[in-house]
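Spelled out, the chains give:
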Amino acid sequence: MEKKGDKAIKLTIESRLENVFLVGLAVKGICGHIRLSSEETYNMELCVVEAINNAIEHAYSSRPGHDVELTVRLDPNQIRFQVCDKGKSLTALRLQTPEIDATHGRGLYIIHTLMDEVTYHTSQGTNTLTMIKHWG
Amino acid sequence: MQMEDRIQGEVLLVKPLEERIDASMAGEFEARMIGWIRTGNRRLVLDLSGVFFIDSSGLGAIASALKTLGDQGRIAICGVSKTVKNLFQITRLDQLFVMCSSAEEAVEILNDWTEEDHGKEGRQSD
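Residues numbered from 1 in each chain as written. Chains lettered and ligands numbered in written order. Predicted model: local features only at pLDDT ≥ 70, side-chain atom pairs only at ≥ 80, totals over all residues. Heavy atoms only, no water.

**Looking at the overall build of chain B**
The cut-off we apply is this: Only DSSP runs of H or I covering at least 4 residues are called helices, and only runs of E covering at least 2 are called strands; the numbering of each starts at the N terminus. Note on method: radius of gyration uses C-alpha positions; expected globular size equals 2.2 Å times residues raised to 0.38.
Scanning chain B from N- to C-terminus turns up four helices and seven strands. Along chain B, helices and strands appear, N-terminal first, in the series β-β-β-α-β-β-α-β-α-β-α. Over its C-alpha trace chain B gives a radius of gyration of 13 Å, about what one expects of a compact globule, namely 14 Å for 126 residues. Projecting the C-alpha coordinates of chain B onto the three principal axes gives extents of approximately 35 × 30 × 25 Å.

Spelled out as structure tokens, the structure:
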């Protein structure tokens, strides 16, 4: 829930994998200004990149021309990322550990491992993956 | 995707010259790695010292190269940053590769590797 004093930014890219690093760089910059270590900053960038990759590759089946939106919200004790798309919904958040030698399917596992809270919901045609990291 | 490759003894040393290996280039990276394996290279060192960011697609490409190689050879990885190393550990991929702290060490280990070494998975040398 939005609270007075929260700081937020919204970024939108077209659904092309070549664009994803730009969002990653923005997340890295934001995390660099808060009390996250370089390792945690990397992890936040990685999770956002994984979430956006999933939206492009699965929700939009790698088709360009669609919007993927990231909202980053800074609270005093947490950072929250929301990745939204209007494509095909995930049927379930895969919580199982991927096979050690799997060539695909590590993205959501990484997100679940590195984030404190992960939720996914679909409302009025918009899929939203929310990822939260706490500190303090 | 820019990559450097050179033979050192029995070993092919491969070094990506990109700071990021992400989903936009994982396919090309995977194809290059598999191409080297299919042309007969059985001992590969992947030097990631210039790579500061890798995502699950990049990891998947490396895993795919290892699957292509099967038990016909080995892949050693060196030069990983602390953050990339952490990602290998989280995904347990560090158990599948020979993880080395330097290219020199990795080349030496793979040049000494023999087929009798099959089954000694996940040698850690740092």
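**Here we look at the packing of aromatic side chains**
Residue and element names in this part refer to chain B. Where we set the bar: Planes of paired rings set the category: under 30 degrees apart is stacked, over 60 is edge-to-face and the rest tilted, where pairs are Phe, Tyr or Trp rings (Trp by its six-membered ring) whose centres lie within 6.5 Å. Three exposure classes are used, based on accessible area relative to the maximum for each residue type with a 1.4 Å probe and protein chains only: buried under 20%, partly exposed in between, and exposed over 50%. For a ring to carry a charge above it, either NZ of a lysine or CZ of an arginine must fall within 6 Å of the ring centroid while also lying within 35 degrees of the normal to the ring plane.
This structure, assessed with the given rule, holds two aromatic pairs over all chains. When the ring of F88 is compared with that of F97, the centres are 6.4 Å apart and the planes differ by 85°; the resulting orientation is edge-to-face. Each member of the pair F88 and F97 is classed as buried. One Lys or Arg, R20, reaches over the ring of F53 and ends 4.1 Å from the middle of that ring.

**A few points about the interface of chain A and chain B**
Put simply, the rule reads: Should any heavy atoms of two residues lie within 4.5 Å, those residues are considered in contact. Two parts placed together each lose some accessible area; with a 1.4 Å probe, that loss summed over both constitutes the buried area. Here, a salt bridge means any Lys or Arg side-chain nitrogen found within 4 Å of an Asp or Glu carboxyl oxygen.
Across the contact, 27 residues belong to chain A and 26 residues belong to chain B. Taking both sides of the interface into account, the surface hidden between chain A and chain B amounts to around 2,100 Å²; carbon and sulfur atoms contribute 63%. Put simply, chain A and chain B have two salt bridges between them. Across the pair E45(A) and R20(B) runs a salt bridge, and its minimum N-O distance is 2.8 Å.

**Concerning unusual backbone geometry**
It is generally the case that most residues other than glycine have a negative phi and that most peptide bonds are trans. Residues and elements named next belong to chain A. Phi at S61 takes a positive value of approximately 50°, unusual for a residue other than glycine. Tracing the chain through its elements places S61 in the loop between α2 (38-59) and β2 (67-75). On the basis of relative accessible area, S61 is assigned to the partly exposed category, the value being 34%. In this structure, S62 is a non-glycine residue whose phi angle is positive, near 65°. Since its relative accessible area comes to 45%, S62 is described here as partly exposed.

**A closer look at the sheet that holds strand β1 (residues 7-14) of chain A**
Residue and element names in this part refer to chain A. To keep things clear, this is the line we draw: Here a strand pair is declared whenever DSSP counts at least two bridges between the two strands. Axis geometry follows a simple rule: fit a line to the C-alpha atoms, using only the stretch in contact for helices, then measure angles between N-to-C directions, giving values from 0 to 180 degrees.
Strand order across the open sheet formed by five strands is β1-β2-β3-β5-β4, with antiparallel pairing between neighbours. Each edge of the open sheet carries a strand with a single partner, namely β1 and β4 (117-123). On average, each strand axis in the sheet is inclined to that of its neighbour by 15°, with strand direction left out of account. As defined by bridge partners, β1 adjoins β2 across eight bridges and the pair is classed as antiparallel. Residue pairing for β2: K10 is matched across the bridge by T71. Contacting β1, β2 and β3 (78-85), helix α1 (residues 20-31) runs over the sheet at an angle of about 165° to β1.

**Re the environment of M1(B)**
Inspection of the secondary structure assignment puts M1(B) in the segment before β1 (3-8). Residue M1(B) is classed as buried on the basis of its relative accessible area, which comes to 17%.

**A few points about the sheet that holds strand β2 (residues 11-16) of chain B**
Residue and element names in this part refer to chain B. One open sheet holds the five strands; their spatial order is β1-β2-β4-β6-β7, and the pairing between them is mixed. Each edge of the sheet is formed by a strand with only one pairing partner; in this case those strands are β1 and β7 (98-100). Each neighbouring strand pair of the sheet contributes to a mean axis angle of 20°, computed without reference to strand direction. Of the pairings in the sheet, the one linking strand β4 (residues 43-47) to strand β6 (residues 74-78) comprises five bridges and is parallel in character. Note that in β6 the partner of L44 across the bridge is I75. Contacts from helix α2 (residues 56-69) reach β4 and β6, with the element oriented near 155° to β6. Running over the sheet, helix α4 (residues 103-112) touches β1, β2, β4, β6 and β7 and is turned about 170° from β4.

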